[in-house]
Amino acid sequence: MRLDPVTMEIVGNRLSAMTEEMCLTLQRTSRSLYVKETADFCCAFAGLDGGFVAYPRGIGVSGFVGLNVLTAVRAAGPLEPGDVIITNDPYRSGGLATHLTDIQLIEPYFHEGELVGYGWAFIHCSDIGGRVPSSLSPVNDEIFQEGLQIPPVKLVRAGEPSRDVEALITANSRTPEANLGDIRAMRAALRTGRERLAGVVAQHGLATVLDAQRDLVEYTAGKARAALAGLGDGTHRFVDYLDDDAVSSLPVRLSVTATLRAGDLHLDFTGTDPQVAAAFNIATLGRPHAWITTRVLALICTLDPGIALNAGLIAPITVTTPAGSLVNPVHPAAVGVRHASANRVNDAIGGALGLAAPHVLPAASSGLVVPVVVAEQRGAGQNVQVLEPMVGGTGARDGADGVDGRDSGISNLSNNPVETVETEIGVEILRYGLRTDSGGAGRWRGGCGLELTFRVRGEGSKLLARGLERMCFRPWGVRGGGPGAATELIVNPGTARERRHFKIDVLPLEPGDVVTLLTSGAGGYGDPYTRDPEAVLRDVERGVVSREAAARAYGVVLAERDGGLAVDGPATADARREHHPDRLGGPAGGDAATADGGPERRAWESVFDTATVDRLVAALFRLPRPARTPHRTALYTAVLAGLPAGFPRTPPTPEQRDAARRTLVQEITELERMPA
């Protein structure tokens, strides 16, 4: 290191505080509900190499610390004081933007004509044009449908705003005033950063600030390697699934092989399905991108809570992401709902590293983020707002239950106050709370999902709910713990007009319609029949576990006593003596000894086992990229034709299973014979 530890710590803390003040400036001056309340934004300070040197710890989206601004900076051309770059293009920005509704601003910071670094800010805007209100839909099959693509260009030149660029953005959005207001809030945040950085340089000198950029990142990298080294060396694999790709009923496979060597971690995504003709692709450009490393960063920060947030966190991580796969698509693949796949990457990495450190890693989280969007007519215009960013709970771990109703697995978005929602959107919130019996049973219970029920008040309203997942393949439990409950979306529940939906594009709603979203619960940890009966009683009293589930899943019998409930000790002991290890069903997942993904996953993998599907994916990647999806669809269609209509929710008979497996092998063999 070039600096002494005390100076490095002081400068590092000042830069970190600077980024938090930038975030506060942005949030307090923003216009849109999703920024000022939900907090889908962030600011940071990047060094001369484009990596983040300082990142806020307590405000803004936490998962983007591994991004890099340098590709966007170079694309925008020579920079001078007063310039500000704008972009939202995932491909042209080198993965800095991750979908088109995330607008990025970058300002070069100078001192006496010398470049010091870059201020960065982003917000998720309410709408950037495209085919549907809010721009994002799971069924978009190319990025051109997702809205206005802004390559890295100068929004401000030498302090003078480009009215042409602003006009172009305004003309291509359903929410132009909110967008421009949020862009100006970002510019204010960048100005705050510029002023605070000038103060740091004035006090400590330019050379010290430049030396600190390198030292801070290198110090964090060393601490990150030390944290990962504690997991031991080894290679571990885990497979997980998206329910489907929204344009078909076929699940999408994600495979991760994690190799730990002396504190370095390599993540190999070979075996992951090809990119899909839908919006679930993640534009990583073959790099250790934020959306495929977030779980590792969270693990490092858990193992070393005092570690600084900067680019050094990703220094130990390398990746293999096959070109044309879900995690490294080729332009113009749609990427709007990339967060759904990122959640599943998180789960798969957690499963793989959980094999290395089963007492450290939790069971699967609820595995979804669903921004519930309501688009409604307001006079001649449209009001497009995220009503609530719905998540579930966190997975249980050795020694602790999961967190109910909160999951910061890929972001730490806030929930919106009900009063604010009802003021800004024409809806009435009927219920917003924890979902009973949704957390996976275990010695340590998985976190509960959420329930959101609201009534539509206005005419011409439409519902969009991108990111709906875990409606089939449930969050898995570990070491005997059970899976969480599946997600459900119901319109007009309990009435003659009740309709249940899976993934939706744009769902028209009538005044008076009632919408209920029940998010998935997280996986449990350990045998539920070893859970403390008093803990089960407390869960029942809190309403997160029903009395019936206490008896069924935990073997805990409750009796009414003195006006309340109490554990019936003898009856509970009798019930638990009758318990057998196979009560929860056979395990599923990356390691048959530790993970239980529920009956749907067991049914799927009874036909589509890991080794055979490895052959299938390898055969698909031998084909030209345009041919992969059609051949994949045709193959699965041929195999599924011999299985029950509700498969995998409906399990096959042994005869159906065996016949389907034979068809699968035959189809793969024919595929392997095709010329590359």
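Just above, that's the structure.
First things first, this report covers the structure right here in the doc. What you see is a predicted model, and the numbers here were worked out from it, not measured in a lab. Residue numbers here run from 1 along each chain, matching the order of that chain's written sequence. Restriction of local features to residues with pLDDT of at least 70 applies here, the model being predicted, together with a cutoff of 80 or more for giving and counting side-chain atom pairs; totals for whole chains, interfaces and linings are based on all residues. Heavy atoms throughout the structure, all of them, feed into the side-chain values; hydrogens and water do not.

Let's shift gears to the overall build of the protein. Every helix listed is a DSSP run of H or I at least four residues long, and every strand listed is a run of E at least two residues long, numbered separately from the N terminus. Across its full length, the protein carries 16 helices and 24 strands. Radius of gyration here uses only the C-alpha atoms, and the compact-globule reference equals 2.2 Å multiplied by the residue count raised to the power 0.38. Expected size for 676 residues packed as a compact globule is a radius of gyration near 26 Å; at 25 Å, the protein falls within 12% of this value. In terms of overall dimensions, the protein has C-alpha extents of about 80 × 75 × 60 Å along its principal axes. Burial statistics for the protein: of 676 residues in total, 59% are counted as buried. To sort residues, take the accessible area from a 1.4 Å probe on protein chains only and compare it with the maximum for the residue type: under 20% means buried, over 50% means exposed, and anything in between is partly exposed.

Taken together, the 4 strands give an open sheet; going across it, the order is β8-β9-β10-β11, and neighbouring strands pair in mixed fashion. The open sheet has two edge strands, β8 (234-242) and β11 (317-320), and neither has a second partner. Pairwise comparison of adjacent strand axes, ignoring direction, gives a mean angle of 20° for this sheet. Following DSSP output, two strands are said to pair if at least two bridges run between them. By the bridge criterion, 4 bridges tie strand β10 (residues 264-268) to β11 in an arrangement that is parallel. The residue of β11 that forms the bridge with His 266 is Thr 318. Packing against the sheet, helix α8 (residues 338-356) makes contact with β8, β9 (252-261) and β10, and its axis sits at approximately 145° to β8. To get an axis, a line is fitted to the C-alpha atoms, and for a helix only the part in contact is used. The angle between two axes follows their N-to-C directions and goes from 0 to 180 degrees. In this description, contact between two residues means that some pair of their heavy atoms is separated by no more than 4.5 Å.

What we call a nonpolar core is a set of buried Ala, Val, Leu, Ile, Met, Phe, Trp, Tyr and Cys residues that are connected through their side-chain atoms within 4.5 Å. Within the largest apolar cluster, 160 residues are counted, with the highest numbers of intra-cluster contacts made by Leu 26, Trp 120, Leu 267 and Phe 454. In terms of nonpolar packing, the next biggest core, distinct from the first, is built from 25 residues, Val 607, Val 617, Ala 627 and Ala 660 among them.

Bringing the packing of helix α4 (residues 163-171) against helix α5 (residues 176-204) into the picture now. Running from N to C, α4 and α5 point in directions that differ by 140°, and their axes come no closer than 9 Å. On the basis of the axis angle, α4 is oblique to α5. For the pair α4 and α5, the contacting residues are Arg 163, Glu 166, Ile 169 and Thr 170 in the first and Pro 176, Leu 180, Ile 183 and Arg 184 in the second. When residue character is reported, Ala, Val, Leu, Ile, Met, Phe, Trp, Tyr, Cys and Pro are called nonpolar, Asp, Glu, Lys and Arg charged, and the others, Gly included, polar. When its residues are assigned to classes, the contact of α4 with α5 shows 4 nonpolar, 1 polar and 3 charged. Just so you know how the angles are binned, under 35 degrees is roughly parallel, over 145 roughly antiparallel, 65 to 115 roughly perpendicular, and the rest oblique.

Once that is clear, we can look at α4. Within α4, burial applies to Val 165, Glu 166 and Ile 169. Down the axis, α4 shows its buried residues gathered within 100° of arc, on one side only. Pointing more than 90 degrees away from the buried face of α4 are the exposed residues Arg 163, Asp 164 and Ala 171. Check the buried side of α4 and you find it contacts β3 (84-87), β6 (153-157), β7 (160-161) and α5. Summarising the geometry, the arc corresponds to the directions from the helix axis toward the C-beta atoms.

Here Asn 416 is to be found in the loop between β13 (381-390) and α9 (418-424). Within the structure, the side chain of Asn 416 is placed 3.2 Å from the backbone oxygen of Val 386, a separation counted as a polar contact. Here Asn 416 is in contact with Leu 33, Glu 37, Thr 38, Val 386, Leu 387, Glu 388, Pro 389 and Val 421, once residues within four sequence places are set aside. Residues adjacent in sequence count toward polar contacts only when both atoms are side-chain atoms; beyond that, a polar contact is any pair of N or O atoms within 3.5 Å, and within protein one must be able to donate a hydrogen and the other to accept it.

Turning our attention to the packing of aromatic side chains. Think of a pair of aromatic rings as described by two things: how far the centres are apart, and how the planes are tilted against each other in angle. Any two of the Phe, Tyr and Trp rings considered here, Trp counted by its six-membered ring, make a pair once their centres fall within 6.5 Å; the pair's planes then place it as stacked at under 30 degrees, edge-to-face at over 60, or tilted in between. Under the counting rule described, the total for this entry stands at 14 aromatic pairs. Residues Phe 64 and Trp 291 carry aromatic rings whose centres are separated by 5.4 Å and whose planes lie at 90° to one another, so their mutual orientation is edge-to-face. Taken as a pair, Phe 64 in the loop between β2 (52-54) and α3 (70-76) and Trp 291 in the loop between β10 and α7 (294-303) lie far apart in primary sequence, 227 residues in all. A relative accessible area of 4% means that Phe 64 is categorised as buried. A relative accessible area of 4% means that Trp 291 is categorised as buried. Centroid distance Trp 120 to Phe 122: 5.7 Å. Interplanar angle 25°. Geometry classified as stacked. Taken as a pair, Trp 120 and Phe 122 share a single burial class, namely buried. Here a set of aromatic residues connected by ring pairs shows up, and it is made of Phe 52, Tyr 55, Phe 64, Trp 120, Phe 122 and Trp 291.

Okay, the pattern of salt bridges next. The rule for a salt bridge is simple: a side-chain nitrogen of Lys or Arg has to be within 4 Å of a carboxyl oxygen of Asp or Glu. A complete count under the given rule lists 47 salt bridges for this structure. A salt bridge links Lys 154 to Asp 83; the nearest nitrogen and oxygen atoms lie 2.9 Å apart. Taken together, the residues span a long stretch of sequence, with Lys 154 in strand β6 and Asp 83 in the loop between α3 and β3 at a distance of 71 residues. The exposure classification of Lys 154 matches that of Asp 83, with both residues buried. Two residues, Asp 513 and Arg 497, come together in a salt bridge whose shortest N-O distance is 2.5 Å. Note that Asp 513 is positioned in the loop between β20 (507-509) and β21 (514-518) and Arg 497 in the loop between β18 (488-491) and β19 (499-501), a separation of 16 residues in sequence. Residue classification places Asp 513 among the buried positions, given a relative accessible area of 5%. With relative accessibility at 47%, the residue Arg 497 sits in the partly exposed group.

On to the environment of Arg 673, then. Inspection of the secondary structure puts Arg 673 in helix α16 (residues 654-673). When the C-alpha positions of Arg 673 and Ala 619 are compared, they lie 8.9 Å apart, and in sequence the two are 54 residues distant.

Turning our attention to the side chain of Arg 295. Summarising the element assignment, Arg 295 is placed in helix α7. Here the positive residues are Lys and Arg and the negative ones are Asp and Glu; neither His nor the chain ends is included. Although buried, Arg 295 forms no salt bridge, and the nearest oppositely charged side chain, Asp 347, lies 4.6 Å from it.

Burial within β9 is extensive, with 9 of its 10 residues counted as buried. As paired elements, β8 and β9 share 9 bridges and run antiparallel to each other. Across the sheet, His 236 pairs through a bridge with Ala 258, a residue of β9. Taken together, the 5 bridges between β9 and β10 define a ladder with antiparallel strand orientation. Across the sheet, Ala 258 pairs through a bridge with Leu 267, a residue of β10.

Attention now moves to the environment of Ala 178. Considering the arrangement of structural elements, one finds Ala 178 in helix α5. It is 41 Å that separates the C-alpha atoms of Ala 178 and Lys 223, two residues lying 45 residues apart in sequence. The contact partners of Ala 178, leaving out residues within four places of it in the chain, are Arg 31 and Ser 32.

Turning our attention to the pairing of β21. Of all the 5 residues making up β21, 5 are buried; the element is thus mostly covered by neighbouring parts of the structure. A two-sided burial pattern is seen for β21, the buried positions comprising Val 514, Thr 516 and Leu 518 on one face and Val 515 and Leu 517 on the other. Sheet topology note: the strand β15 (residues 450-456)/β21 ladder contains 5 bridges and is antiparallel. Bridged to Arg 455 within β21 is Val 514. The pairing of β18 with β21 spans 4 bridges and is classified as antiparallel.

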